[in-house]
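Notes for the structure review
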Amino acid sequence: MIKPYKEIISIESILHRIFPADTPSEQLVWHRDKSDRWVTIVESDGWQLQIDNELPVILEENKTYYIEKNRFHRVIKGEGPLKVSIKEK
């Protein structure tokens, strides 16, 4: 499966991901992660996060979102690129 993002791992073991503006929506699928994550939004223009059994929320820049391991979730495409930093437990 082709990943819809580019990833850089920093020295502090923080993942930096960029979802380009031209990311096809069909690549943004429901999925689960193997560990708890804190996702900080660096740049977003209308992108949304939807967690299983919840309504989508607009991703706000400089805000951190907690995603529990094994919880289904997805991102919904906005206008420009989406840039995030991810710290795992």
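Preceding this paragraph is the structure being described.
Here's what I pulled together on the structure shown here. (Residues numbered from 1 in each chain as written. Predicted model: local features only at pLDDT ≥ 70, side-chain atom pairs only at ≥ 80, totals over all residues. Heavy atoms only, no water.)

Some remarks on unusual backbone geometry
A positive phi angle, close to 65°, is found at Asn53, a residue other than glycine. Tracing the chain through its elements places Asn53 in the loop between β4 (48-51) and β5 (57-58). Positive phi, close to 70°, is recorded for Asn62, a residue that is not glycine. Relative to the assigned elements, Asn62 resides in the loop between β5 and β6 (64-67). (Helix = DSSP H or I, 4+ residues; strand = E, 2+ residues; numbered from the N terminus.)

Section: the sheet that holds β4
With antiparallel pairing, three strands are arranged side by side in an open sheet as β5-β4-β7. Strands with a single pairing partner mark the edges of an open sheet, and in this sheet they are β5 and β7 (73-76). The pairing of β4 with β5 spans two bridges and is classified as antiparallel. Residue pairing in the sheet places Leu49 in a bridge with Val57 of β5. (Pairing = 2+ DSSP bridges.)

Remarks on the environment of Val84
Looking at the element boundaries, Val84 is found in strand β8 (residues 82-88). On a C-alpha basis, the gap between Val84 and Glu7 in space is 9.8 Å, while along the polypeptide they are 77 residues apart.

What about the environment of Ser35?
Take Ser35: it is sitting in the loop between β2 (15-19) and β3 (37-43). Using a relative accessible area of 16% as the deciding quantity, one classes Ser35 as buried. For the pair Ser35 and Glu88, spaced 53 residues apart in sequence, the C-alpha separation works out to 6.3 Å. Excluding residues within four positions of it along the chain, Ser35 makes contact with Ile67, Lys69, Glu88 and Lys89. (Buried < 20%, exposed > 50% of the residue type's maximum accessible area, 1.4 Å probe, protein only. Contact = heavy atoms within 4.5 Å.)

Details of the pairing of β7
Residues of β7 alternate between two faces, with His73 and Val75 buried on one and Arg74 and Ile76 left unburied on the opposite face. In terms of strand pairing, β4 meets β7 through four bridges, oriented antiparallel. What sits directly across from Gln50, in β7, is Arg74.

Thoughts on the sheet that holds β6
The strands that make up a sheet pair up through hydrogen bonds in the backbone, lying either parallel or antiparallel. In space, the five strands of this open sheet follow the order β1-β2-β8-β3-β6, with antiparallel pairing throughout. The sheet is open, and its two edges are formed by β1 (6-9) and β6, each paired on a single side. Adjacent strand axes in the sheet meet at a mean angle of 25° when their direction is disregarded. As judged from the six bridges shared by β3 and β8, these two strands associate in the antiparallel manner. The residue bridging Glu43 from the neighbouring strand is Lys83, located in β8. (Axes fitted to C-alpha atoms, helices over the stretch in contact; angles between N-to-C directions.)

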